[in-house]
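If you want the building blocks of each chain, they are given just below.
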Amino acid sequence: MNDQGVNVESRWRLDRIVAELRKSRDVLHNIRQDGPIRRAPSREALETIVDGLVEAIFPRHYGRSDLDTENIDYFVGNALNIALNGLFEQVHRGSLFVSDGPASDQALQDAIELTRTFASTLPETRGVLVSDLRAAFVGDPAATSFPEILIGYPGMTAIIHHRIAHVLYRLGARLVARLIAEIAHTKTGIDIHPGADIGPSFFIDHGTGVVIGETTVIGERVRIYQAVTLGARHFPTDNEGNIVKGAARHPVVEDDVIIYAGATILGRIVIGQGSTIGGNVWLTEDVPPNSFVTQATVRSKAGPR
């Protein structure tokens, strides 16, 4: 009862609403199969984990400025230990959350092995990220230093998250990878599916509104600008009309391509090596190598064909 003598639960008719929600959940609109209730991976925990991984990868930029040769390895080791223990827990949660089977010792061992394999890729991942960093420095005349790009460029933040998420995606931790991608999307406005295969020396300038789909393949030394979409034109279906999951439906962008702001490139088409795609172009057909594409024309950089 409140001060006016009204039963608060009666005021909102909670008994009826709770019963109807149960009916929706269990009967009318059930979206989970029967099985044990599992905790989903935590976005908040994953954000902390990614922060720890980035501190270990770039300790003097994202970690502590007072690190020196005497203590930097201790800092990196401690940061990695904390981050990887947390990642293991989230990977395990993710595998259980999407499974209808009972929890098992094998699932726990699989999560440990996956996390161990992921950890072994971190030196390689750092090398690719440094190539992305150099591409941003070379490609942006406004860039004055590597630290400015690392801690201040949304495109760099997005690609750091993507490099981490993509490894996890390939290893099978797809729910965790997708959540890491969404953390970057929230922070930067750049939406890269963790399945997208992106080569080294990749630079996203400005970045807001960029969308890169799951089966996109991007070669080396590619540069794109804000509001670029690398998307699907249509979705293949099976004989019963159901969408075929995982089918290749996004563009292939070959090496040394530049895609300017607002371009929309759809379907499993190939943008040939060395091409330049102008702003606001809509593309649904292959582009030959070394082409220059404006809104309604395609021509070779070497002149008329």
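Before any of the text, the structure's been laid out above.
About the thresholds
Per chain, residues are indexed from 1 in the order of the written sequence. Given that the model is predicted, a residue must reach a pLDDT of at least 70 before its local features are reported, and side-chain atom pairs must reach 80 or more before they are shown or counted; all residues, however, enter totals for whole chains, interfaces and linings. Side-chain numbers come from the whole structure's heavy atoms, not from hydrogens or water. Helix and strand assignments come from DSSP, with helices taken as H or I runs of at least 4 residues and strands as E runs of at least 2, each series counted from the N terminus. Type-normalised accessible area, obtained with a 1.4 Å probe on protein chains alone, sets the label of each residue: buried when under 20%, exposed when over 50%, and partly exposed for intermediate values. Contacts are residue-level and defined by heavy atoms, with any inter-residue pair within 4.5 Å sufficient. The patch calculation keeps residues exceeding 30% relative accessible area without a salt bridge and links them within 9 Å when they carry like charges or within 5 Å when they are nonpolar (Val, Leu, Ile, Met, Phe, Trp, Tyr). Values of accessible area rely on a 1.4 Å probe in the Shrake-Rupley scheme; residue burial ignores everything except the protein chains shown. The term salt bridge refers to a pairing of a side-chain nitrogen on Lys or Arg with a carboxyl oxygen on Asp or Glu at a separation within 4 Å. Working convention: axes come from line fits to C-alpha atoms, limited for helices to the stretch in contact. Angles between N-to-C directions cover 0 to 180 degrees. Roughly parallel refers to an angle under 35 degrees, roughly antiparallel to one over 145, roughly perpendicular to one between 65 and 115, and oblique to any angle outside these ranges. Residues are grouped as follows: Ala, Val, Leu, Ile, Met, Phe, Trp, Tyr, Cys and Pro are nonpolar; Asp, Glu, Lys and Arg are charged; all remaining types, including Gly, are polar. A pair of strands is considered paired only if DSSP assigns at least 2 bridges between the two. Only Phe, Tyr and Trp rings are paired, with Trp represented by its six-membered ring, and only when their centres lie within 6.5 Å; those with planes under 30 degrees apart are stacked, over 60 edge-to-face, the remainder tilted. Whether a charge lies above a ring is judged from NZ of Lys or CZ of Arg, which has to be within 6 Å of the ring centre and within 35 degrees of the ring normal. The sign given to each residue is positive for Lys and Arg and negative for Asp and Glu; His and the chain ends receive no count. Nitrogen and oxygen atoms within 3.5 Å of one another constitute a polar contact, given that in protein one can donate a hydrogen and the other can accept it, and given that sequence-neighbouring residues count only through two side-chain atoms. Here the term cavity refers to a set of points on a 1 Å grid, laid over the protein atoms alone, in which a 1.4 Å probe fits but cannot get out; the term pocket refers to an open set having protein on both sides within 12 Å along at least five of seven lines, with lining residues being those that place an atom within 4 Å of a point. Grid points are joined across faces, edges and corners, and a volume is the space filled by probe spheres set on the points.

The helix and strand tally for the protein chain stands at 10 helices and 15 strands. C-alpha atoms of the protein chain, sized along the principal axes, occupy 80 × 60 × 50 Å. In the protein chain, buried positions account for 43% of the 305 residues. Sequence-distant contacts in the protein chain: of pairs separated by 6 or more residues, those separated by 24 or more amount to 46%.

This part takes up a nonpolar patch on the surface. Taken together, the side chains of Trp12, Leu14, Ile17, Val18 and Leu21 present a nonpolar region at the surface, about 470 Å² in accessible area. Among the elements that line the nonpolar patch, the one with the most residues is helix α2 (residues 14–28), at 4 residues. Its location among the elements puts isoleucine 17 in helix α2. We classify isoleucine 17 as partly exposed; its relative accessible area is 35%.

Further remarks concern the packing of helix α3 (residues 43–57) against helix α10 (residues 174–188). Helix packing geometry: the angle between the two helix axes and the distance between the axes. Between α3 and α10, whose axes approach to 10 Å, the crossing angle comes to 80 degrees. On the basis of the axis angle, α3 is roughly perpendicular to α10. Packed against α3, whose contacting residues are Arg43, Leu46, Glu47, Val50 and Asp51, the element α10 presents Val176, Leu179, Ile180, Glu182, Ile183, Thr186 and Lys187 at the interface. Here the residues of the contact of α3 with α10 are counted per class, giving 6 nonpolar, 1 polar and 5 charged.

Strand order in the open sheet formed by 5 strands is β1-β4-β7-β10-β13, and the pairing between neighbours is parallel. In this open sheet, the two strands that pair with only one neighbour each are β1 (191–192) and β13 (282–283). Both strand β10 (residues 264–266) and β13 contribute to a ladder of 2 bridges, which runs parallel. Each bridged residue has a counterpart across the sheet, and for threonine 264 the counterpart in β13 is tryptophan 282.

This part is about the packing of aromatic side chains. Under the defined criterion, the tally for this structure stands at 2 aromatic pairs. For the ring pair phenylalanine 137 and phenylalanine 146, a centre distance of 5.2 Å and an interplane angle of 80 degrees mean the geometry is edge-to-face. Judged by its relative accessible area of 34%, phenylalanine 137 is partly exposed. Note on tyrosine 225 and tyrosine 260: the rings are 4.9 Å apart at their centroids and 15 degrees apart in plane angle, and the pair reads as stacked. Here the residue tyrosine 225 occupies a position in the loop between β6 (223–224) and β7 (229–231), and tyrosine 260 occupies one in the loop between β9 (258–259) and β10, the gap between them amounting to 35 residues. Since its relative accessible area comes to 31%, tyrosine 260 is described here as partly exposed. The ring of tyrosine 169 is capped by arginine 174, whose NZ or CZ atom sits 4.1 Å from the centre of that ring.

Next up on the list: the side chain of aspartate 140. Within the secondary structure, aspartate 140 sits in the loop between α7 (122–139) and α8 (146–152). For aspartate 140, which is buried and forms no salt bridge, the nearest opposite charge comes from arginine 223, at a distance of 8.4 Å. There is a polar contact of 2.7 Å between the side chain of aspartate 140 and the side chain of tyrosine 153. Setting aside residues up to four positions removed in sequence, aspartate 140 forms contacts with Tyr153, Phe203 and Asp205.

This structure, assessed with the given rule, holds 2 cavities of 30 Å³ or more. Elements with a minimum of two residues in the lining of the largest cavity: α7, α9 (154–171) and β3 (203–204). No other element matches α9, which puts 3 residues into the lining of the largest cavity. For the lining of the largest cavity, a count of residues per class yields 6 nonpolar, 1 polar and 1 charged. The computed volume of the second largest cavity comes to approximately 40 Å³. In terms of lining, the second largest cavity is formed by Ala158, His161, His162, Ala165, Ala181, Ala184, Ile190 and Ile192. If you list the elements that add at least two residues to the lining of the second largest cavity, you get α9 and α10.

Let us look at the pattern of salt bridges. Taken as a whole and assessed by the stated rule, the structure comprises 11 salt bridges. In this structure, arginine 22 and aspartate 26 form a salt bridge, with 3.3 Å as the shortest nitrogen-oxygen distance. Here the residue arginine 22 and the residue aspartate 26 both occupy positions in helix α2, the gap between them amounting to 4 residues, near one helical turn. Among the salt bridges present, the one from aspartate 256 reaches arginine 221, with a minimum N-O distance of 2.6 Å. Note that aspartate 256 is positioned in the loop between β8 (252–253) and β9 and arginine 221 in the loop between β5 (217–218) and β6, a separation of 35 residues in sequence. A network of salt bridges, in which partner residues are shared, links Glu47, Asp51 and Lys187.

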